[in-house]
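# Observations on the three-dimensional arrangement
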Amino acid sequence: MRLSKKMTSRQLAYSHKKVASADIRRRLNMLLVMLCLFGSVAAIDAVTHPENKSSIAVMAGSSMLAGGVTMATIGNMDEVSAKESAGSQIGMRVWLISRDQIDFSKPFPQPNAQREVGNIPLKLGEYMHYQDAVSNSVKSNGTGETGDINVDYTNTLSFVMAGNREKLMDFIEEYAGRGFIVIYQECGSGVRYIMGSVCKPMVLKSFDRKDDNEGRYVTFTFENKYWRQPLIYVGDIIQQDPVTVAAGATNLAVESSNNRYNLSSNTGPTALANVSGIASSDYGRVITIYGSGGSNPTTISDSTTFVLVDGVTWHGNGGSEISFKIHDANTLTEVSRVETA
């Protein structure tokens with residue numbers, strides 16, 4: 001009788017588990033169907049009502065699980081050379097941007113199809129500050145573990161700072177537990193990567209300060225729980241104020257030492273149509289233009305000089321911005337934009 005009762009109990013537990021698993025599968029299937037339907041509505045609206053593209057973009061972003069980046073988009077991934085898989089390739093300089101430096105009145109830049117992100121909007125007078133870590137101590141890691149329903153994502157970045165300096169003590173006391181946007185650079189390619197965003201910053205989760213027979217140093221570890229992996233930062237390392245473009249200007253004079261340009265309020269309709277001052281050493285740079293607002297905001301239309309995504313004109317309203325990559329002395333192509341009403 002005892003054996004019979006024990007087996008019955010196990011069977012009952014197994015039955016409950018099967019019911020729960022079936023319920024989870026049913027809920028997931030319903031969710032996927034709803035997302036697919038939502039994405040289909042957005043696609044149909046895009047064809048029949050192209051004037052609603054801003055709203056459609058929001059809808060499409062909401063249905064990424066159903067129809068965003070697919071295996072067809074990703075394509076084949078071939079074998080890479082040993083130099084691309086070699087370790088210790090991150091540079092020792094790390095830029096840390098605290099959330100209290102960010103201008104929340106301006107939209108945070110979103111990545112384009114190449115995973116590129118433009119300038120981070122900082123408050124007036126705020127600049128990016130770096131920390132030079134111990135060589136080869138910078139580590140960027142991402143992990144994910146699939147559960148019954150969700151994937152548990154964890155991104156970490158850690159590095160070691162040498163010494164027991166006063167500034168390190170100040171940083172520990174004031175910023176432990178606070179959020180940052182982190183930028184680091186790959187030495188071989190010079191590509192800069194960015195981790196964290198305004199809503200999902202990299203939190204200074206832990207520090208380990210040593211002052212003993214092994215040495216004097218501090219290990220910092222930043223972490224966030226976010227599905228987004230490191231993006232490519234093509235914006236400026238902001239260390240100075242933007243250049244002011246004169247009111248009514250139709251030409252953008254590019255300066256070699258500055259990648260940011262503030263438009264001024266115009267007294268009449270104004271269109272930025274030309275560029276000057278670009279040298280061959282500027283090719284590949286990314287510059288950002290900020291709107292001024294006012295009753296006559298500067299516009300930039302698609303042309304052989306300013307190549308815009310889908311040929312859509314940009315309006316320099318207050319809070320708007322647009323980033324361009326310099327290809328040659330007379331050609332700039334759009335990287336990203338923010339356009340306010």
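Quick look at the structure, then.

Cut-offs used in this document
Residues numbered from 1 in each chain as written. Predicted model: local features only at pLDDT ≥ 70, side-chain atom pairs only at ≥ 80, totals over all residues. Heavy atoms only, no water. Helix = DSSP H or I, 4+ residues; strand = E, 2+ residues; numbered from the N terminus. Buried < 20%, exposed > 50% of the residue type's maximum accessible area, 1.4 Å probe, protein only. Contact = heavy atoms within 4.5 Å. Areas by Shrake-Rupley, 256 points an atom, 1.4 Å probe, with all protein chains shown as cover. Patch = residues over 30% accessible without salt bridge, like charges linked within 9 Å, V, L, I, M, F, W, Y side chains within 5 Å. Salt bridge = Lys/Arg side-chain N within 4 Å of Asp/Glu carboxyl O. Polar contact = N/O pair within 3.5 Å; in protein donor to acceptor, adjacent residues only side chain to side chain. Pairing = 2+ DSSP bridges. Core = buried A, V, L, I, M, F, W, Y, C linked by side-chain atoms within 4.5 Å.

### Looking at the overall build of the chain
Of regular secondary structure, the chain possesses 6 helices and 20 strands. Put simply, the chain has 341 residues, and 35% of those count as buried. Partitioning the contacts of the chain with sequence separation of at least 6, the portion at a separation of at least 24 is 63%. Within the structure as shown, the chain displays about 20200 Å² of accessible surface, and the carbon and sulfur contribution to it stands at 54%.

### What to know about a nonpolar patch on the surface
Residues V69, M71, I74 and M77 make up a contiguous nonpolar surface patch of roughly 480 Å² in combined accessible area. Structurally, M77 is set in the loop between α4 (71-74) and α5 (82-85).

### With respect to the environment of C199
Secondary-structure assignment places C199 in the loop between β7 (192-195) and β8 (202-212). Separated by 20 residues in the primary sequence, C199 and G179 place their C-alpha atoms 9.4 Å from one another.

### Some words on unusual backbone geometry
One can expect most non-glycine residues to show negative phi and most peptide bonds to be in trans. Positive phi, normally seen in glycine, also occurs at R115, with a value near 65°. Tracing the sequence through the fold places R115 in the loop between β1 (90-98) and β2 (116-117). The partly exposed category is assigned to R115, whose relative accessible area is 34%. At D310, a residue that is not glycine, the phi angle is positive and equals roughly 60°.

### A few points about the environment of L96
Along the polypeptide, L96 turns up in strand β1. Along the chain, L96 and I181 lie 85 residues apart, while their C-alpha atoms are 6.0 Å from each other. Once residues within four sequence positions are removed from consideration, L96 is found in contact with Q101, H129, Q131, F159, F171, F180, I181, V182 and F222.

### So, the side chain of T288
Relative to the helices and strands, T288 resides in strand β15 (residues 286-290). Its relative accessible area of 0% is what places T288 among the buried residues. A polar side-chain atom of T288 sits 2.6 Å from a polar atom in the side chain of N119. Look past the residues within four positions of T288 in its chain and what remains in contact with it is N119, N259, R260, Y261, E321, I322 and S323.

### Regarding the pairing of strand β4 (residues 139-146)
Pairing of β4 with strand β5 (residues 151-162) involves 8 bridges; the strand directions are antiparallel. Within β5, the position partnered with S140 by the bridge is L157. Hairpin geometry of β4 and β5 is characterised by an intervening segment of 4 residues between the two adjacent antiparallel strands.

### Some thoughts on the nonpolar core
By size, the foremost hydrophobic cluster in this structure holds 20 residues, and its most contacted members are L252, I287, I289, I300, F324 and L332. When residues of this core are traced back to their parent elements, those giving at least two are β15 and β19 (321-328). With 3 residues, β19 is the single largest residue contributor to this core. With 19 residues, the next largest nonpolar core counts L157, Y184, M202 and F220 among its residues.

### Quick look at the pairing of β19
In this sheet, β19 lies alongside β15 in antiparallel orientation, the contact comprising 5 bridges. By the bridge assignment, V286 is partnered in β19 with K325. Examined bridge by bridge, β19 and strand β20 (residues 331-338) share 7 bridges and lie antiparallel to one another. Looking at β20, one finds that K325 is bridged to T333. Connecting the antiparallel pair β19 and β20 is a turn made up of 2 residues.

Nothing here speaks to function; it is geometry throughout.
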